[in-house]
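In case you want the letters, here they are:
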Amino acid sequence: MEYNNLSSNNQRCATIQSPVGPATAAADSIYCQRCGQHNEANNFKCTRCGFVLHVPAQPQYTVTNDNTLGGLIPTKNPMALWAYYLGIFSLIPMLGLLLCIPAFVLGILGLRHGCLHPEAKGKIHAWVGIILGGLCAASYVIFLVLPLFTPK
Ligand SMILES: [Zn+2]
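Definitions and limits used
Residues numbered from 1 in each chain as written. Predicted model: local features only at pLDDT ≥ 70, side-chain atom pairs only at ≥ 80, totals over all residues. Helix = DSSP H or I, 4+ residues; strand = E, 2+ residues; numbered from the N terminus. Expected span 1.5 Å × (residues − 1). Buried ≥ 20, exposed ≤ 12 C-beta atoms within 10 Å, placed from the backbone. Contact = placed C-beta atoms within 7 Å. Axes fitted to C-alpha atoms, helices over the stretch in contact; angles between N-to-C directions. Left-handed = near helix turned anticlockwise from the far one by under 90°. Nonpolar A, V, L, I, M, F, W, Y, C, P; charged D, E, K, R; others polar. Core = buried A, V, L, I, M, F, W, Y, C linked by C-beta atoms within 7 Å.

Q: Honestly, helix α4 (residues 78–89) in this entry has me stumped. Any pointers?
A: An α-helix turns once every 3.6 residues. As a result, residues three or four positions apart point the same way. With 12 residues, α4 should reach 16 Å at 1.5 Å per residue; the first-to-last C-alpha distance of 16 Å fits that figure. Residues of α4 that are buried include every one of Met-79, Ala-80, Ala-83, Tyr-84, Leu-86 and Gly-87, and no others. Of the surrounding elements, those touching the buried residues of α4 are α5 (95–116) and α6 (123–149).

Structure representation (structure tokens):
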């Protein structure tokens, strides 16, 4: 999040004062692209306004983005992610009747995928799908199917 803000900030400043930037960047001194303050070339931020003078290289923040996303959302394990969402939506009455079975099945598939590819993660999401899907399926069987077969 923070990196995205910085990069968009830098792009905006670069378009405003682009003639100043490249010419001075090569020397030992550097001029702030935002306020024009003279800075040492090895200053990370502008001494006057705190504007980041040295933009981190492109690969660095794509990697951190991937790591933070992979930690929270299993982007490489879509089955587990689907199981998670279907499991949550299967808590909705009647809609759950349609969603609990696919949530359960996708949860098992996602869990197997997570075991075969540990870097894909998503085991927790898969388990949520299995448990919620399984609970909903069981409760629908108990409340809807069983009464049909019990004598009154
Ligand atoms: Zn500045």
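Next comes the rest of the description.
Q: What's the story with the packing of α4 against α6 in this structure? I'm lost.
A: A pair of packed helices is captured by two measures, namely the crossing angle of their axes and the spacing between those axes. Relative to each other, α4 and α6 sit at 35°, their axes nearing to 7 Å. In this structure, the crossing between α4 and α6 has a hand that is left-handed. Of α6, the residues touching α4 (which contributes Ala-80, Leu-81, Ala-83, Tyr-84, Leu-86, Gly-87 and Ile-88) are Lys-123, His-125, Ala-126, Val-128, Gly-129, Ile-130, Leu-132 and Gly-133. Counted by class, the contact of α4 with α6 contains 10 nonpolar, four polar and one charged residues.

Q: Is there a simple way to think about the nonpolar core in this case?
A: Among soluble globular proteins, nonpolar side chains are generally buried collectively. Ranked by size, the top nonpolar core spans 16 residues in total, and within it Ala-83 and Ala-103 carry the most contacts. Of all elements in the fold, only α4, α5 and α6 reach the threshold of two or more residues within this core. Excluding its chain neighbours within four sequence positions, the residues that come into contact with Ala-83 are Ala-103, Leu-106, Gly-107, Gly-110, His-125, Ala-126, Gly-129 and Ile-130.

Q: Is there a simple way to explain α5 in this structure?
A: Between its first and last C-alpha atoms α5 spans 32 Å; for 22 residues at 1.5 Å apiece the expected length is 32 Å, and the two agree. All of the buried residues in α5 are Gly-96, Leu-99, Cys-100, Ala-103, Phe-104, Leu-106, Gly-107, Gly-110, Leu-111, His-113 and Gly-114. Buried positions along α5 lie against α4 and α6.

Q: Honestly, the environment of Asn-77 in this entry has me stumped. Any pointers?
A: The topology assignment puts Asn-77 in the loop between α3 (58–72) and α4. Measuring from C-alpha to C-alpha, the distance between Asn-77 and Gly-110 comes to 6.6 Å, with 33 residues separating the pair along the chain. Setting aside residues up to four positions removed in sequence, Asn-77 forms contacts with Gly-110, His-113, Gly-114, Ala-120, Lys-121 and Gly-122.

Q: For this particular structure, what's the right way to read the environment of His-54?
A: Mapped onto the elements, His-54 comes out in the loop between β2 (38–40) and α3. Taking the C-alpha atoms as reference, His-54 lies 10.0 Å from Ile-30; in sequence the two are 24 residues apart.

Q: Quick question: what am I supposed to make of the packing of α5 against α6 here?
A: In the contact formed by α5 and α6, the axes pass within 7 Å of each other and the chain directions differ by 145°. Every pair of crossing elements has a handedness; the one defined by α5 and α6 is left-handed. Side by side, α5 and α6 meet where Gly-96, Leu-97, Cys-100, Ile-101, Ala-103, Phe-104, Leu-106, Gly-107, Ile-108, Gly-110, Leu-111 and Gly-114 of the first sit next to Lys-123, His-125, Ala-126, Trp-127, Gly-129, Ile-130, Leu-132, Gly-133, Gly-134, Cys-136, Ala-137 and Tyr-140 of the second. Of the residues in the contact of α5 with α6, the class split is 15 nonpolar, eight polar and one charged.

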